[in-house]
Every structure is written in structure tokens, then in C-alpha cells.
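Reading the structure
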Amino acid sequence: MKDASAATAPETIYLADYQPPAYLLETVHLTFKLSPSATRVISKIAFRPNPEATDKRFFLHGEGPDLKWAKLDGAPVTPVVTDKGLTLEVPDAPFVFEAEVEIDPAANTALEGLYLSNGMFCTQCEAEGFRRITYYPDRPDVMGVFTVRVESDLPVLLSNGNPVAQGDGWAEWHDPWPKPAYLFALVAGDLVAHSDSFTTMDGRDVALNIYVRAADIDKCAFGMEALKASMTWDEQVYGRAYDLDIFNIVAVDDFNMGAMENKGLNIFNSSAVLASPETATDANFERIEAIIAHEYFHNWTGNRITCRDWFQLCLKEGLTVFRDQQFTADMRSAAVARINDVQALRARQFREDAGPLAHPVRPESFVEINNFYTATVYEKGAEVIRMLKLMVGDDAYAKSLDLYFARHDGQACTIEDWLTVFEDSTGRDLAQFKLWYQSAGTPHVTVHDSYEDGSYTLHFDQQTPATPGEVDKAPRVIPIAVALLDRHGKTIAPEQIFELTKTQDSLRFEGVAAKPIPSVLRGFSAPVVLDRSALDDTRLVQMAHDSDPFNAWEAARELALETLSAMALDGTPPATAYLDAWRQMIRNEDTDPAFRALCAGVPSVMELAGHIKTQGQTPDPSAIDDACETFAQMLAEHCQDSLPRLYADHQVSAAYQPDATQAGHRALANRVLGLITRLDSGAQAQAQFDGATNMTQQLAALGALVRAGKGDAALDAFYTQWQHERLVIDKWFGLQASLSPADTAAQVTSDLTQHADFTAKNPNRFRATLGSFAANTAAFHHASGSGYDLLADWLITLDGINPQTTARMTSAFETWPMWDADRQAKMQAALRRILAKDGLSRDVTEMVTRILPDP
Ligand code: TRP
Ligand code: ZN
């Protein structure tokens with residue numbers, strides 16, 4: 001952490017300082033007397049001293065609850081209360097602590113702890129929100145068995161575990177599984193349920209409910225199917241069954257993240273669970289399926305086995321993301337899923353790893369833990385497990401996971417525990433592998449080859465650029481999947497995993513009749529930047545024939561990146577051979593339409609900027625944006641004769657299904673529509689918009705029209721049609737902010753923030769507007785600096801409302817080192833303006849301080 005200003009600098013927490021808790025829990029009884037501005041929480045907690053603790057002081061976290069009274073073993077006591085918690089003299093023996101506090105859910109706009117969302121009470125306790133509800137040892141290695149009584153006039157009253165009893169105005173819940181406070185949840189509202197049931201492999205009947213407001217009951221069916229599919233998959237693939245009589249999901253409109261895995265009571269951002277064909281796109285459906293699976297899978301990886309402390313966050317998140325990625329690969333196309341995951345990894349995690357916010361998958365210090373729910377912890381954390389599985393093999397992975405569950409069920413664990421399981425079950429030494437958890441930065445791997453007398457050799461070297469606070473990087477173990485192909489894609493040497501453990505090493509093949517085509521890093525077998533520019537350029541062949549679909553896509557991607565970079569840097573036009581190959585690729589009816597749609601995707605301005613930066617040049621967002629426009633226009637003209645036929649062939653006539661097959665056809669048809677719109681002034685897009693019967697078609701058409709500058713009438717019609725569907729109106733805000741041209745987008749976005757439907761209090765709406773604007777790279781980085789100013793102004797406003805979401809959005813500024821001196825100066829000035837705000841939250845202070853260069 002850079003020195004903010006010593007006097008006010010918030011405290012930094014270090015992994016190395018971990019101490020076991022002084023007191024452990026037996027049982028926890030909570031009573032909530034709900035009232036919007038004056039909720040009372042009565043707690044009765046049975047503690048016992050922890051024999052393993054050295055520090056015996058009794059401390060309960062608490063930030064905000066107004067303590068009314070406290071008792072120790074039934075006798076009134078007066079604890080010492082600060083703004084961080086309370087301390088009290090307690091006996092060195094088991095005792096019962098009781099307290100009553102008052103809290104104000106209606107005033108809670110931070111959406112942490114207990115808050116109100118459209119008249120509904122709900123909670124968000126991860127990571128440290130429970131301390132805003134009552135005084136408690138709010139750390140994940142302190143686990144208790146909870147019994148919760150909820151008192152309210154609202155009709156639906158929910159908490160964790162199984163229902164025990166209920167009556168007029170109250171309900172009682174009991175969770176038999178000991179859990180940390182971050183998994184506590186409570187919901188009270190005027191809700192209806194979409195219900196179903198599931199019988200587990202061990203014969204337990206489980207009631208399933210998705211609770212929503214009455215108007216949303218028609219948007220639950222898909223989520224319910226995804227839940228049942230997740231439950232089946234976890235039984236079949238990981239041997240894990242559900243462990244309560246009921247599993248509830250609740251949709252909440254105001255939520256800082258996607259969803260939360262509270263035991264037996266998952267709480268979801270409505271955008272992550274509600275879907276109907278009319279209101280949600282194929283991409284929304286796919287995301288919902290993945291998030292439902294993710295939260296459900298946490299029941300074992302997160303809840304039954306939890307984290308010892310928050311530095312171990314990747315223990316549950318990396319593993320659970322990996323599991324949800326495996327699930328999506330099994331439910332849909334594995335190749336398409338992998339390409340999507342890698343694109344997301346590069347866009348978010350590589351960017352983070354290359355900038356001032358780079359940190360290890362397991363960080364070693366933090367100020368505010370909410371700032372470490374990052375792409376590195378989640379997505380790179382998943383990649384690390386994918387590599388581990390590749391290195392030990394599928395059977396050893398399965399055996400290790402069985403051992404992990406058997407050995408650590410009911411415990412709060414560390415990454416050391418996780419790796420020890422793999423070492424014990426495979427006999428491998430994972431000391432070098434552990435660097436993936438401990439060291440930040442994306443390794444750069446360079447490959448070149450040599451061929452002589454039937455002997456073919458691949459030479460690799462690795463180097464990881466410095467990251468903040470970590471200059472010298474030891475070599476890591478990098479599993480590189482390699483196969484050799486001939487010019488028709490036929491296998492010469494089958495895929496093998498080469499483990500690069502040193503700075504330089506090589507892999508030799510004997511008896512190779514002719515110089516082969518190397519297919520390297522197949523399936524993106526490690527999260528590295530691969531420089532293969534020293535190899536012969538075989539990418540046109542690989543794009544058409546590589547037996548690994550990821551590498552076929554990668555070849556197309558690299559060609560697009562190179563073509564566009566050259567156009568942006570000095571106006572070099574695309575090679576005709578490349579344009580021909582592109583046309584061939586999109587017309588190739590032998591390949592999956594979804595895969596073709598991905599190959600036809602043009603890299604984003606940000607991806608191109610990153611690519612240009614890696615080449616040692618300074619990217620110009622405006623020139624890149626122009627190159628992308630010109631390129632798309634050239635593709636449209638080059639493929640002109642094929643487009644109407646392609647568009648027609650991939651229309652889906654069957655009733656809408658959000659499955660991978662139909663979605664693939666729509667994805668390809670909509671890519672083609674984008675090209676057609678460049679040739680017909682929007683006629684086809686307008687026709688698709690007017691005739692659309694599902695949101696995927698409607699939104700794609702609207703996007704094409706807005707891009708072409710022909711969207712005004714359609715935008716109005718869209719708003720009129722959907723003004724009562726808040727999730728659709730989020731799309732309306734988002735599309736305008738993200739697709740408006742660079743010169744006008746800041747004004748368009750600023751106008752949107754004046755719209756009657758804009759509110760900074762709803763994170764979805766705020767992200768749809770300002771977040772989409774920040775992702776409109778050429779607009780956000782407009783040379784005038786207007787983009788930086790607009791975002792900084794709004795982050796300053798939002799900080800007073802919702803520090804967590806504000807802090808996440810400051811990462812729009814993390815790319816400052818990429819740009820020219822003028823943009824760098826303007827970005828840093830905007831950050832300093834944020835930092836200068838009086839009473840800036842700890843969350844945002846930490847982020848901005850980390851992003852800014854050392855003073
Ligand atoms: N544990 C959640 C998940 O990944 C993440 C989450 C939801 C979260 N809400 C949060 C993290 C609030 C921090 C703060 O599934
Ligand atoms: Zn998670």
C-alpha cells in the first residue's frame with residue numbers, strides 16, 4: 001500500500017499476522033424485530049475459549065449497531081464500544097453473551113448488512129457485512145449453529161437452513177450446519193414463489209423455491225431448470241449431494257454483485273436469475289445458468305469447506321468458478337465455453353495483472369477485502385485449478401477432490417491445506433506450482449522452433465514482467481499442451497503436456513518426416529501471453545484446420561489483432577488472402593455456428609490497445625476505433641454476396657429456446673446483420689427490430705441501428721415498450737452509453753443520468769449507464785478528457801451512497817499506464833480529484849491510492 005497520508009491512512013491487514021480466534025462458538029440465537037428505520041436484533045451466543053488461541057481478549061466486531069443492552073451469563077454488563085466493535089472482560093470458560101441492538105435498514109444505501117430494496121428486507125453479509133447487523137466475531141474461521149426468529153408483518157420470512165415453525169407475523173429457521181457469519185441471510189418481503197422439488201442421490205427430498213415479486217413470476221422457469229441441472233451435475237461429477245430439506249433463491253433488485261451463496265438461502269441480483277425470452281438475451285440466459293450453478297456449487301466449495309481468513313478467498317472462488325466453467329462446458333459447447341472464458345480472462349484479468357492493481361491469486365495484504373473480489377482471485381484462481389488438473393490428470397484430480405471433501409468437511413481452510421491434499425494424493429511436490437498463488441503478473445512465454453534431419457524441437461522461454469512490489473519473478477511451472485500437425489490439420493504427434501519449469505527449456509520430437517505445424521498452448525492450457533512470432537506463419541492453415549478448436553479460434557484472433565493493429569498504427573490495409581480466409585471461415589457450414597460467430601468477432605478497442613502496448617507502442621484509442629470501423633466496412637464489402645444467404649440460413653424458425661444450438665444460430669445471424677447494416681443503411685436491422693419476438697433479436701437489431709446512427713426511433717419505441725421492465729431498461733441505458741460514437745457518448749451518457757429512470761442508488765442502473773460508458777473505450781478515453789471527468793464526477797457522488805460499487809468502478813482508471821502522456825495526466829488528475837473528496841470511503845481510498853503512481 002502506498003502511503004496515503006499517514007494520519008488518515010486506513011489500517012492494512014496482513015496474511016502473515018493471522019491469529020486463531022480467542023473464542024469459538026457453540027450456538028447462535030438471533031431474533032429480528034423488523035422495522036424499516038428501527039429494526040431490533042436480539043442475540044444470544046454461546047462462546048467457549050479456543051484452546052489454540054494465545055491472545056485471550058474478547059472482541060466482537062460491530063460497525064454501526066446501536067447497543068441497547070448486553071448480558072454475560074444472564075447478568076447485565078457494560079462493554080467498551082468503539083466504531084469497530086466491543087470488548088468485555090469474560091471468564092476463561094464457556095459463557096453466554098446476549099445483546100440487543102437497533103439498526104436502520106432504510107438508511108442503508110451501501111447494501112451491506114441488512115437493507116431495504118423496494119420494500120423488501122434482505123441481507124448481504126459477505127465479506128464483513130454481518131458486523132453491521134450486530135456485535136459478533138465476524139471472521140470466517142468462527143462458525144456457529146444458527147437459530148433465527150424473524151418477526152414482521154410481511155408475508156414471506158426467510159433465513160438459512162430448514163424452517164422450524166411459523167405463525168402470524170413470525171417464522172423460525174434452524175441451520176444445522178455450522179457456518180461463518182458471512183453466510184448468514186435473512187429476507188422478508190411481499191414475495192411469491194416459483195416452486196419445484198428435487199430428490200438427491202441419497203434420497204433426500206428437497207423443496208426448491210425461487211422467490212420474486214409477483215410481476216416477475218413469469219421469469220423464474222429457466223432459473224429453476226438451471227438449479228436442478230446444477231444439483232444433478234454436482235452429484236454426478238463431484239459426488240456432492242445437497243444437505244438441507246429446502247433450497248431457496250430470492251431475487252433482489254438492489255445488489256452490489258451477481259449473487260451470494262448464503263447457506264440454503266441464495267440471494268441473487270435480479271439480473272442474475274430472472275429471464276424470459278421476451279426480456280432476456282441468449283447471453284443473459286447463459287450467464288444466469290452459470291451463476292445459479294456457481295452459487296449452488298458453493299454449498300460444498302465455500303460453505304461445507306470454507307476459508308480460514310479472507311486471504312484464502314480463492315480457495316472457494318477459484319474452485320467454484322472452475323466448477324461452474326466445467327458445468328457450462330458440459331451443458332453447452334465445450335469449445336465455445338473455453339473461448340468465452342479465455343476472452344473474459346484476457347479482457348479483465350490480464351488487464352488487471354498488467355496494471356497498478358496487479359496482485360497474487362492469494363493476496364498478502366488488504367485494506368478493504370471487498371476490493372479483492374477480483375478477476376485475479378476468481379478467474380485466474382480458476383485457471384490455476386485447471387492447470388493443476390491438467391498436470392495431475394483427471395483421475396488424480398477426482399481422487400484429490402474426494403480427499404479434500406473427506407478431510408476438510410466442516411473446516412475453515414487455507415491454500416496450504418488445498419495443495420497438501422493434492423501432494424498427499426498424488427505424491428507430487430507442488431512447491432513451485434504454489435507460485436501461481438503467491439506471485440502476481442502474467443508470464444510471457446516465447447516459443448521458437450528448429451527442424452533438422454527428422455528432428456523437430458520447440459524452444460520455450462518464460463519471463464514475468466514486474467508487478468507492484470514484486471520485481472524479481474522466479475520461473476513458474478507452466479503446463480503447455482502441444483501437438484504437431486501437417487498442413488491439413490492431421491495429427492503428426494498427439495497432444496501432450498510439456499511442463500516448462502525453468503526460464504528456458506525445449507521439447508524434442510524425433511522421426512518427423514517434414515517440418516510440422518506446431519499447435520502450442522492448446523485449449524489455452526496456461527494463463528500466459530504466448531509470443532509465437534518467431535515461428536513460421538501458419539495461422540491461415542490453423543484457422544481452417546487446427547484440430548484444437550481453441551487454437552483455430554486463436555489463429556483467427558491473432559490475425560485479426562495483427563491486421564487491425566497495423567491498420568491503426570500506419571494504415572496498412574488488410575491482406576486480401578486474409579479477407580478471403582475470413583469469408584471462407586464465416587461461410588463454412590461444416591463448423592458450429594456459435595464457433596463461427598466467435599471467429600467472426602472483431603477484437604475490442606481495449607484488446608487492440610493491449611496488443612499494441614505489448615508490441616512496445618503507444619495505442620491511440622481513436623485511431624484504433626477508426627481502424628475497427630474501416631475493417632468492418634471492408635469485411636462487409638468483401639463478403640457482400642454471401643451475407644443475405646448467411647443471414648437467411650441462420651434464422652431460427654422453431655419456438656425460442658435459450659439453448660446453445662439456437663443461440664449459436666442467432667449469434668451468427670446477428671454478426672452477419674452487423675455487416676449487412678453497413679451496406680443497407682439499416683433496412684434489415686429495422687425489419688428485424690420491428691418483427692422481433694425475443695430480446696436477443698430485438699437488442700441485436702437495436703444495437704446495429706444505434707451503431708449506424710439510425711437508432712433514434714427504435715430507441716424510443718424500445719423504451720415505450722419496456723418502460724415497466726427494469727432489467728430491460730438497464731439494457732436501454734447500457735446500449736446507448738456503450739455504442740454511442742466516441743465524440744458524442746459522454747454527452748449522451750450525461751443526458752442519460754438526467755433521465756427520470758436514472759438512479760445512482762440502484763447498482764444495476766448505475767453500472768448500465770456509467771459502467772457501459774467506461775467500457776466504450778474510444779469514448780471514455782476521448783482526447784478531451786471529458787470521459788474521465790464524467791466518470792470521476794459520478795464516482796464522487798456514488799461514494800457517498802455505495803462505496804463498494806464505487807470502488808469496483810474505479811478500476812476503469814487502472815489502464816492509465818497504457819496511454820500517451822496527455823491521457824495519463826488527465827486520468828491521474830481525475831483520480832486525484834476523487835481522492836480529494838472529503839470523507840472519501842475506505843474502499844475507494846484504497847483503490848485510488850493503489851491505482852495512482854507513487855508520489
Ligand atoms: N461470494 C459471492 C460469489 O462469488 C460474491 C459476492 C456476492 C460478494 N456479494 C458480495 C462479495 C458482496 C463481496 C461483497 O458468489
Ligand atoms: Zn463465488
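This one's a predicted model, so the numbers in the text were calculated from it and none came from an experiment.

In terms of helices and strands, the chain carries 27 helices and 31 strands. Along the first, second and third principal axes, the C-alpha atoms of the chain reach 85 × 65 × 60 Å. Looking at the 855 residues of the chain, the share that counts as buried comes to 58%. Of the roughly 32,000 Å² that the chain leaves accessible, carbon and sulfur atoms contribute 50%. The average position of the 73 basic charges and that of the 117 acidic charges among the side chains of the chain differ by 1 Å.

Here we come to the coordination of the zinc ion (ligand 2). At 1.9 to 2.8 Å from the zinc ion (ligand 2) lie its protein donor atoms, namely His294 (NE2), His298 (NE2), Glu317 (OE) and Glu317 (OE). Classification of the site at the zinc ion (ligand 2) rests on its six donor atoms, whose angles at the metal span 48 to 160°, yielding the label irregular. As a motif over one chain, the donors of the zinc ion (ligand 2) read H-x3-H-x18-E. Of the two residues, His294 is situated in helix α2 (residues 282-297) and Glu317 in helix α3 (residues 313-331); the sequence distance between them amounts to 23 residues. Assigned by exposure class, His294 and Glu317 land together as buried.

Bringing the packing of helix α18 (residues 695-707) against helix α19 (residues 712-722) into the picture now. Packed helices, taken two at a time, are described by the angle between their axes plus the distance between the axes. Closest axis-to-axis distance for the α18/α19 pair is 10 Å, and the angle between their directions is 150°. The angle between the axes of α18 and α19 places the two elements in the roughly antiparallel class. The two elements α18 and α19 meet at a crossing, and its hand is left-handed. When α18 is examined against α19, the residues Met695, Gln698, Leu699, Leu702, Leu705 and Val706 are found in contact with a partner set consisting of Ala714, Leu715, Phe718, Gln721 and Trp722. When the residues that make up the contact of α18 with α19 are grouped by side-chain class, the tally is nine nonpolar, two polar and no charged.

This part takes up the packing of aromatic side chains. By convention here, two paired aromatic rings are described through the distance between centres and the angle between planes. Enumeration according to the criterion identifies 50 aromatic pairs in this entry. Plain terms: the ring middles of Tyr242 and Phe247 are 5.3 Å apart, the flat faces sit at 85° to each other, and that makes the pair edge-to-face. By relative accessible area, which is 2% here, Phe247 ends up buried. Judged by centre distance (5.6 Å) and plane angle (75°), the ring pair of Phe247 and Tyr296 falls under edge-to-face. Highlighted residues: Phe247 in strand β19 (residues 246-252) and Tyr296 in helix α2, separated in sequence by 49 residues. Both residues of the pair, Phe247 and Tyr296, count as buried. Above the ring of Trp69, the side-chain terminus of Lys71 is found at 5.0 Å from the ring centroid. Directly above the ring of Trp436 sits Arg476, whose terminal nitrogen or CZ lies 4.7 Å from the centroid.

Here we come to the nonpolar core. One finds Trp418, Phe433, Phe460 and Phe813 to be the most contacted residues of the largest nonpolar core, which totals 268 residues. Among residues more than four places away in sequence, those in contact with Trp418 are Leu315, Leu319, Ile385, Leu388, Leu401, Tyr404 and Tyr437.

Attention now moves to α18. Between the first and last C-alpha of α18 there are 18 Å, a value that for 13 residues agrees with the 18 Å anticipated at 1.5 Å per step. The element α18 is largely enclosed, with a buried count of eleven among its 13 residues. When we look at burial in α18, the residues that qualify are Met695, Thr696, Gln697, Gln698, Leu699, Ala701, Leu702, Gly703, Ala704, Leu705 and Val706. Its buried side turned inward, α18 meets α2, α16 (660-677), α17 (683-691), α19 and α20 (726-739). Here α18 starts with a cap whose side-chain oxygen sits 3.1 Å from the backbone nitrogen of Thr696, and that cap is Asn694. In the segment just after α18, Gly709 is the residue with positive phi, at about 75°.

In the vicinity of ligand 1 lie 15 residues, with Glu126, Glu261, Glu295, Tyr378 and Gln804 positioned nearest. His294 places a polar side-chain atom, nitrogen or oxygen, 3.4 Å from an oxygen atom of ligand 1. Here a nitrogen atom of ligand 1 and a side-chain polar atom of Glu317 are 3.1 Å apart. Contact with the protein chains removes 97% of the 370 Å² of surface that ligand 1 exposes when unbound.

Our focus in this paragraph is the side chain of His611. Relative to the helices and strands, His611 is located in helix α13 (residues 605-614). The contact partners of His611, leaving out residues within four places of it in the chain, are Leu561, Glu562 and Ser565.

For the rest of this paragraph, the subject is the pairing of strand β9 (residues 95-103). Across the nine residues that make up β9, a large majority, seven, are buried. Taken together, the nine bridges between strand β3 (residues 39-49) and β9 define a ladder with antiparallel strand orientation. Each bridged residue has a counterpart across the sheet, and for Thr39 the counterpart in β9 is Ile103.

So, on to the pattern of salt bridges. In this structure the tally under the stated criterion is 68 salt bridges. Glu510 is the salt-bridge partner of Arg508, the closest N and O atoms lying 3.5 Å from each other. This pair shows no difference in class: Arg508 is exposed, exactly as Glu510 is. Connected via shared salt-bridge partners are Arg213, Asp216, Asp218, Lys219, Asp253, Glu725 and Arg726.

The next subject is the sheet that holds strand β4 (residues 58-61). As summarised here, the arrangement of the three strands in space is β4-β8-β7, forming an open sheet in which the pairing is antiparallel. Both edges of this open sheet fall to β4 and β7 (80-81), since each of them pairs with a single strand only. Two strands pair when backbone bridges link them, and β7 and strand β8 (residues 85-88) are joined in this way by two bridges, in the antiparallel orientation. If you follow Val80 over to β8, its bridge partner there is Thr87.

Turning our eyes to something else, we now look at the confidence of the model for the chain. Per-residue confidence for the chain averages 97 on the pLDDT scale, and 99% of its residues sit at or above 70. This model gives residues 1-7 a pLDDT under 50, and the stretch forms ten contacts once residues within four places in sequence are excluded.

It is worth spelling out the environment of Leu345 at this point. Tracing the backbone through its elements, the reader meets Leu345 in helix α4 (residues 334-353). On the basis of relative accessibility, which here comes to 0%, the residue Leu345 falls in the buried class. As for Leu345 and Ala594, which are separated by 249 residues in sequence, their C-alpha atoms are 19 Å apart.

This brings us to the sheet that holds strand β11 (residues 120-124). Pairing in this open sheet of four strands is antiparallel, and the strands run β10-β11-β16-β13 from one edge to the other. Both edges of this open sheet fall to β10 (113-117) and β13 (156-159), since each of them pairs with a single strand only. With direction set aside, neighbouring strand axes in the sheet form an average angle of 20°. Relative to strand β16 (residues 186-189), β11 is paired through two bridges, and the arrangement is antiparallel. Looking at the pairing, Cys122 lines up with Val187 of β16.

Looking now at helix α27 (residues 842-851). Across the ten residues of α27, nine count as buried, placing the element largely inside the fold. Along α27, the residues that are buried comprise Asp843, Val844, Thr845, Glu846, Met847, Val848, Thr849, Arg850 and Ile851.

Backbone phi values are negative for most residues with the exception of glycine, while trans is the configuration of most peptide bonds. With an omega dihedral of 0°, the bond running from Glu126 to Ala127 counts as a cis peptide bond. Within the fold, Ala127 resides in the loop between β11 and β12 (144-151). Phi at Leu111 takes a positive value of approximately 60°, unusual for a residue other than glycine. Within the element layout of this structure, Leu111 appears in the loop between β9 and β10. On the basis of relative accessibility, which here comes to 3%, the residue Leu111 falls in the buried class. If you check the backbone angles, Leu521 has positive phi at about 60° while not being a glycine. Looking at the element boundaries, Leu521 is found in the loop between β30 (517-520) and β31 (529-531).

Each value, and the rule that gives it
- Residues numbered from 1 in each chain as written.
- Chains lettered and ligands numbered in written order.
- Predicted model: local features only at pLDDT ≥ 70, side-chain atom pairs only at ≥ 80, totals over all residues.
- Heavy atoms only, no water.
- Helix = DSSP H or I, 4+ residues; strand = E, 2+ residues; numbered from the N terminus.
- Buried < 20%, exposed > 50% of the residue type's maximum accessible area, 1.4 Å probe, protein only.
- Areas by Shrake-Rupley, 256 points an atom, 1.4 Å probe, with all protein chains shown as cover.
- Lys, Arg positive; Asp, Glu negative; His and termini not counted.
- Charge placed at Lys NZ, Arg CZ, Asp CG, Glu CD.
- Donors = N, O, S within 2.8 Å, 3.2 Å for Na, K, Ca; no water.
- Tetrahedral: all angles 85-135°; square planar, octahedral: opposite > 155°, others 65-115°.
- Axes fitted to C-alpha atoms, helices over the stretch in contact; angles between N-to-C directions.
- Parallel < 35°, antiparallel > 145°, perpendicular 65-115°, else oblique.
- Left-handed = near helix turned anticlockwise from the far one by under 90°.
- Contact = heavy atoms within 4.5 Å.
- Nonpolar A, V, L, I, M, F, W, Y, C, P; charged D, E, K, R; others polar.
- Phe/Tyr/Trp six-rings, centres within 6.5 Å; stacked < 30°, edge-to-face > 60°.
- Lys NZ or Arg CZ within 6 Å of the ring centre and 35° of its normal.
- Core = buried A, V, L, I, M, F, W, Y, C linked by side-chain atoms within 4.5 Å.
- Expected span 1.5 Å × (residues − 1).
- Polar contact = N/O pair within 3.5 Å; in protein donor to acceptor, adjacent residues only side chain to side chain.
- Near = heavy atom within 4 Å.
- Pairing = 2+ DSSP bridges.
- Salt bridge = Lys/Arg side-chain N within 4 Å of Asp/Glu carboxyl O.
- pLDDT = per-residue confidence, 0-100.

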